[in-house]
Amino acid sequence: MSPTRRDFIKYVVAGSIASGCPIDHALVAEPAGAGSSPMVEGEHFNVCHQVRDGHSFPKPDATRKADIVIVGGGVAGLSAAYFLKGKDWLLLEKEDHFGGNAYQEDYDGHIFGTGAAYGYRGDAGDQLAKEIGLHLPLISMPDPVIDNGKYAPDIWRTGINDLPYTKDVVASFKKYRDDIMKIDFKKNAAQLDTEPFTKYLAGYAPEIMKFWDAYGPSNWGAFSEDTSALIGIADSQYLIQGLDDQRVILPGGLGCITHKLVEVLKPQHAEQMLNDATVVAVMPDKDEVCVTYAQGDKITTVAAKVVLMCTAKYITARLVAGLPGEQKQAMRRMRYAPYPMVNLIFDKPVYRKGYDNWCPGKRFTDFIVADWTIRNNPGYKPKYNILTFYTPLRESERSILLNEDDCKVLAAKVLKDFQGLLPEFNVDPVEVRLYRRGHPMFMAVPEQFTKNRMTASQPMERVFFGNSDSGGPESLTSEAVRISQAGAEWANLVLAGKPGAAELAHKALTEALL
Ligand SMILES: Cc1cc2nc3c(=O)[nH]c(=O)nc-3n(C[C@H](O)[C@H](O)[C@H](O)COP(=O)(O)OP(=O)(O)OC[C@H]3O[C@@H](n4cnc5c(N)ncnc54)[C@H](O)[C@@H]3O)c2cc1C
């Protein structure tokens with residue numbers, strides 16, 4: 001049998017499942033019990049068992065000083081560095097690139113996203129983008145659904161009658177829409193945040209739950225049964241009211257902002273921005289905080305006056321010594337979804353009809369057109385049509401990401417499901433790229449937004465807790481930026497010995513978007 005083109009599709013697996021594993025432990029681990037350095041634990045799934053099971057790390061004396069150490073070079077860490085331009089900071093990032101969950105890649109000059117997709121006109125990310133010289137165009141299109149072999153536009157408003165379902169199901173969608181709009185979620189936020197979203201989906205057609213079981217995991221990492229009713233209802237009203245018309249982006253998703261931040265910061269601050277620098281311990285003391293990191297085969301401790309922790313809380317809880325018990329528990333209570341992304345690269349036009357296309361019940365939840373906002377630019381003649389597939393997994397499926405072959409199988413299922421959606425999609429890509437992340441998105445579970453987050457993110461005297469998981473109500477790049485802006489102001493107050501730092505941090509937490 002002669003090989004078909006399908007046999008030659010190239011699968012590329014990138015990204016690291018071991019985001020919770022702070023280090024190549026073989027490098028520096030010393031036997032448990034040797035010295036009093038803090039323990040560093042790894043993920044719950046196989047990767048860092050040895051570390052998790054009891055190795056601790058040597059902690060050499062400080063040989064370097066910095067006023068501010070920023071731990072983690074995602075959008076939170078990079079924007080903190082930007083807001084502290086001209087100050088004595090050191091940014092430590094464990095990967096060989098900056099960007100974290102907002103990271104863009106390119107294929108033969110065609111840029112696509114591997115994580116965060118879009119922001120909103122005027123939000124903190126958009127404002128920062130503008131300040132650093134990026135104009136993010138409006139997406140200008142409500143989301144369609146592709147289900148039962150049909151394409152249906154603007155499903156919550158003008159297109160609700162054209163949903164690819166029976167009359168009864170369409171009537172149920174309309175009833176859900178009317179009922180949900182009657183709820184005052186702002187007034188009842190505290191109560192709604194204790195309830196599961198499923199309570200408000202009961203009694204309607206199952207297709208409605210099927211929609212939210214795509215939309216929820218994609219946007220806030222949780223299926224309906226794990227979602228706070230507050231978040232489900234707030235997002236329902238947001239879609240029904242058409243507030244999604246303020247969405248903005250460039251190719252690369254929100255990786256376009258981190259890419260540009262690196263470009264802006266590097267010329268003057270290259271020596272303050274370390275890659276492959278994995279922090280293994282953060283030890284606050286009265287007058288300073290010792291931050292120990294491994295880079296290559298070298299372990300270094302830097303003495304900082306203040307530290308901005310821009311890592312997710314499940315990592316932060318393992319790094320920072322002396323956390324109050326309740327705060328450490330709150331950090332560890334946070335749940336994170338395993339969330340790979342699959343990019344299908346076609347060398348012919350396949351689909352550019354809708355920006356964010358919902359496909360309930362498939363191996364992926366939705367897919368976006370990578371070059372959507374530039375597709376009509378004069379003179380734009382793309383060689384490739386890149387489609388980005390959102391593929392959030394259940395927590396119980398996280399181990400799929402540990403094995404490269406399992407990742408390829410997952411990517412092949414995404415391709416198969418896509419090709420089965422509409423007859424015109426039965427085209428083979430030239431390449432399939434899967435970017436894996438083990439814990440990239442905190443889940444908007446009950447009480448995370450109104451309670452748990454507030455306990456987890458209280459600053460210590462010299463340590464500020466940033467990262468988008470300090471904000472909410474879902475994982476948002478704009479929240480990472482907004483909280484980092486507050487973190488930079490907090491650092492300036494502490495360094496200057498001025499009062500008000502704790503109040504400022506508290507205000508930033510309470511101002512999280514809803
Ligand atoms: C698939 C997907 C789609 C998304 N879509 C959107 C969207 O459309 N809009 C939106 O606003 N948001 C979206 N988000 C959320 C958004 O990506 C995040 O909220 C945001 O990128 C988080 O940035 P951060 O800097 O707070 O954290 P992170 O991106 O987690 O950055 C933390 C950094 O710390 C580093 N690090 C970890 N441990 C250590 C250590 N020990 N030492 C040193 N460095 C360390 C990590 O490598 C990482 O670079 C999406 C997320 C995902 C996963």
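Everything below is about the structure shown above.
What you see is a predicted model, and the numbers here were worked out from it, not measured in a lab.

**A short note on the overall build of the protein**
Here is step 1 of the chain: Of regular secondary structure, the protein possesses 15 helices and 21 strands.
Here is step 2 of the chain: Taken over the C-alpha trace, the protein has a radius of gyration of 23 Å; the compact-globule value for 514 residues is 24 Å, and the two agree within 12%.
Here is step 3 of the chain: When its C-alpha atoms are laid out on the principal axes, the protein stretches across 70 × 60 × 45 Å.
Here is step 4 of the chain: Burial analysis of the protein (514 residues in total) assigns 59% to the buried set.
Here is step 5 of the chain: Put simply, 73% of the contacts in the protein that link residues at least 6 apart link residues at least 24 apart.
Here is step 6 of the chain: Taken together, the 57 basic and 64 acidic charged side chains of the protein have centroids lying 3 Å from each other.

**Concerning the environment of Gln-295**
Here is step 1 of the chain: Within the secondary structure, Gln-295 is located in strand β12 (residues 289-295).
Here is step 2 of the chain: We classify Gln-295 as partly exposed; its relative accessible area is 31%.
Here is step 3 of the chain: For Gln-295, the side chain forms a polar contact with the main-chain oxygen of Asn-275, separated by 3.0 Å.

**Quick look at helix α3 (residues 75-83)**
Here is step 1 of the chain: Within α3, eight of the nine residues are buried, which leaves it mostly tucked inside the rest of the structure.
Here is step 2 of the chain: Every buried residue of α3 is accounted for by Val-75, Ala-76, Gly-77, Leu-78, Ser-79, Ala-80, Ala-81 and Tyr-82.

**Remarks on the site of the ligand**
Here is step 1 of the chain: Around the ligand, the structure places 35 residues, and the nearest of them are Ala-76, Glu-93, Asn-101, Ser-468 and Ser-475.
Here is step 2 of the chain: Here Asn-101 contributes a backbone N or O atom positioned 2.8 Å from an oxygen atom of the ligand.
Here is step 3 of the chain: A distance of 2.8 Å separates an oxygen atom of the ligand from a polar atom in the backbone of Ser-468.
Here is step 4 of the chain: Contact with the protein chains covers 94% of the free accessible surface of the ligand, which is 1000 Å².
Here is step 5 of the chain: Mapped by element, the contributors of at least two residues to the shell around the ligand are α3, β11 (277-284), α10 (313-319) and α14 (477-496).
Here is step 6 of the chain: Sort the elements by how many residues they give to the shell around the ligand and β11 lands first, with three residues.
Here is step 7 of the chain: Tallied by class, residues from the shell around the ligand come to 20 nonpolar, 12 polar and three charged.

**Overview of the packing of aromatic side chains**
Here is step 1 of the chain: Counted according to the given criterion, the structure contains 34 aromatic pairs.
Here is step 2 of the chain: Considering the side-chain rings of Tyr-355 and Trp-372, the 6.3 Å spacing of their centres and the 50° angle between planes classify their relative orientation as tilted. Here Tyr-355, found in the loop between β15 (341-346) and β16 (356-358), pairs with Trp-372, found in the loop between β17 (366-369) and β18 (385-390); they are 17 residues apart in sequence, far enough to count as distant. Both residues of the pair, Tyr-355 and Trp-372, count as buried.
Here is step 3 of the chain: Connected via pairs of aromatic rings, a cluster forms that spans Trp-156, Tyr-165, Phe-173, Tyr-176, Phe-197, Tyr-204, Phe-211, Trp-212, Tyr-215, Trp-220 and Trp-358.

**Structural notes on the nonpolar core**
Across soluble globular proteins, you tend to see nonpolar side chains buried next to one another.
Here is step 1 of the chain: In terms of nonpolar packing, the biggest core is built from 85 residues, with Ile-70, Ile-257, Leu-308, Phe-367 and Phe-418 touching the most fellow members.
Here is step 2 of the chain: For Phe-418, the residues in contact, after removing those within four places along its chain, are Leu-344, Phe-346, Val-350, Phe-364, Phe-367, Leu-387, Phe-389 and Phe-425.
Here is step 3 of the chain: One finds Ala-152, Tyr-176, Leu-201 and Ile-240 within the second-largest nonpolar core, a separate group that totals 42 residues.

**Some thoughts on the pairing of β18**
Here is step 1 of the chain: Among the six residues of β18, six are classified as buried, and the element is accordingly described as predominantly covered.
Here is step 2 of the chain: Side chains of β18 alternate between two faces, with Asn-385, Leu-387 and Phe-389 and Ile-386, Thr-388 and Tyr-390 buried alike.
Here is step 3 of the chain: Across six bridges, the pairing between β15 and β18 is antiparallel. Residue pairing for β18: Leu-344 is matched across the bridge by Leu-387.

**What to know about the pattern of salt bridges**
Here is step 1 of the chain: Taken as a whole and judged by the stated rule, the model has 26 salt bridges.
Here is step 2 of the chain: A salt bridge links Glu-195 to Lys-199; the shortest N-O distance between them is 3.0 Å.
Here is step 3 of the chain: Taken together, the shared-partner salt bridges in this structure form one network comprising Lys-10, Glu-105, Glu-431 and Arg-433.

Each value, and the rule that gives it
- Residues numbered from 1 in each chain as written.
- Predicted model: local features only at pLDDT ≥ 70, side-chain atom pairs only at ≥ 80, totals over all residues.
- Heavy atoms only, no water.
- Helix = DSSP H or I, 4+ residues; strand = E, 2+ residues; numbered from the N terminus.
- Rg over C-alpha atoms; globule rule 2.2 N^0.38 Å.
- Buried < 20%, exposed > 50% of the residue type's maximum accessible area, 1.4 Å probe, protein only.
- Contact = heavy atoms within 4.5 Å.
- Lys, Arg positive; Asp, Glu negative; His and termini not counted.
- Charge placed at Lys NZ, Arg CZ, Asp CG, Glu CD.
- Polar contact = N/O pair within 3.5 Å; in protein donor to acceptor, adjacent residues only side chain to side chain.
- Near = heavy atom within 4 Å.
- Areas by Shrake-Rupley, 256 points an atom, 1.4 Å probe, with all protein chains shown as cover.
- Nonpolar A, V, L, I, M, F, W, Y, C, P; charged D, E, K, R; others polar.
- Phe/Tyr/Trp six-rings, centres within 6.5 Å; stacked < 30°, edge-to-face > 60°.
- Core = buried A, V, L, I, M, F, W, Y, C linked by side-chain atoms within 4.5 Å.
- Pairing = 2+ DSSP bridges.
- Salt bridge = Lys/Arg side-chain N within 4 Å of Asp/Glu carboxyl O.

Function cannot be inferred from these measures alone, as they are strictly geometric.
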